[in-house]
Amino acid sequence: MAHTATIELVPASTWETVTLEQCKQLLEQYRNIAQKTGEQLAWEYAQSAFPYDIVTKEDGILLVGKEDRYHMIECRVHDRAVQFVLPKQATHGDKGKANELCKFFAKQMAGKLHLFNGRIMYYYKR
């Protein structure tokens, strides 16, 4: 059974809708931030912080792991929500990275995050 985390846009969110292209841009932004952090530390941090290849599908984005510790994360885009799905074969590393990405996305969108464990985090002003 796959696990799912969802970021919902609410009336107080900074974004009106979510598109596949916006999600790809956020993933690239996350990768760039990790790369700049690595440059400051004189360490190849980007490889560890984002160990995935980005594969675009019609209905979403697949993050395919480059290392043994990581398998796959699926990102599905809906009109006012983004869903991160961990397939049955996902590893603990995938779940940790998916949690990081969910929090990053929710913060950028100022949305409501439903985590994999059922808890809710609010990234908008209430």
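Residues numbered from 1 in each chain as written. Predicted model: local features only at pLDDT ≥ 70, side-chain atom pairs only at ≥ 80, totals over all residues. Heavy atoms only, no water.

Per an unreviewed UniProt entry, the chain goes by DUF1885 family protein and derives from Anoxybacillus thermarum.

Colleague: Help me out: how do you make sense of the pairing of strand β3 (residues 60-65) in this one?
Modeller: Residues in a regular strand project their side chains so that they alternate between the two faces of the sheet. Pairing geometry for strand β2 (residues 52-56) and β3, over 5 bridges, is antiparallel. If you follow Ile-54 over to β3, its bridge partner there is Leu-63. Connecting β2 to the antiparallel partner β3 that follows it, the hairpin turn spans 3 residues. As paired elements, β3 and strand β4 (residues 72-77) share 5 bridges and run antiparallel to each other. Its bridge partner lying in β4, Ile-61 is registered against Cys-75. Linkage of β3 to β4, two consecutive antiparallel strands, is achieved through a turn of 6 residues. (Pairing = 2+ DSSP bridges. Helix = DSSP H or I, 4+ residues; strand = E, 2+ residues; numbered from the N terminus.)

Colleague: Whenever I open this one, the environment of Leu-86 confuses me. Can you help?
Modeller: Mapped onto the fold, Leu-86 is located in strand β5 (residues 81-86). On the basis of relative accessibility, which here comes to 2%, the residue Leu-86 falls in the buried class. Sequence separation between Leu-86 and Gln-108 is 22 residues; the distance between their C-alpha atoms is 22 Å. In contact with Leu-86, not counting residues within four places along its chain, are Ala-2, His-3, Met-72, Ile-73, Asp-94, Lys-95, Ala-98 and Phe-116. (Buried < 20%, exposed > 50% of the residue type's maximum accessible area, 1.4 Å probe, protein only. Contact = heavy atoms within 4.5 Å.)

Colleague: Whenever I open this one, the state of the cysteines confuses me. Can you help?
Modeller: What is meant by a disulfide is a covalent connection between two cysteines, made through their sulfur atoms. Under the criterion given, the structure shown has 0 disulfides. Here Cys-23 is not disulfide-linked; the sulfur of Cys-75 is the nearest cysteine sulfur, at 4.5 Å. Relative accessible area serves as the criterion here: at 0%, Cys-23 is assigned to the buried category. Take Cys-102: it sits in no disulfide, and the sulfur closest to it among the cysteines is that of Cys-75, at 8.4 Å. (Disulfide = S-S within 2.5 Å.)

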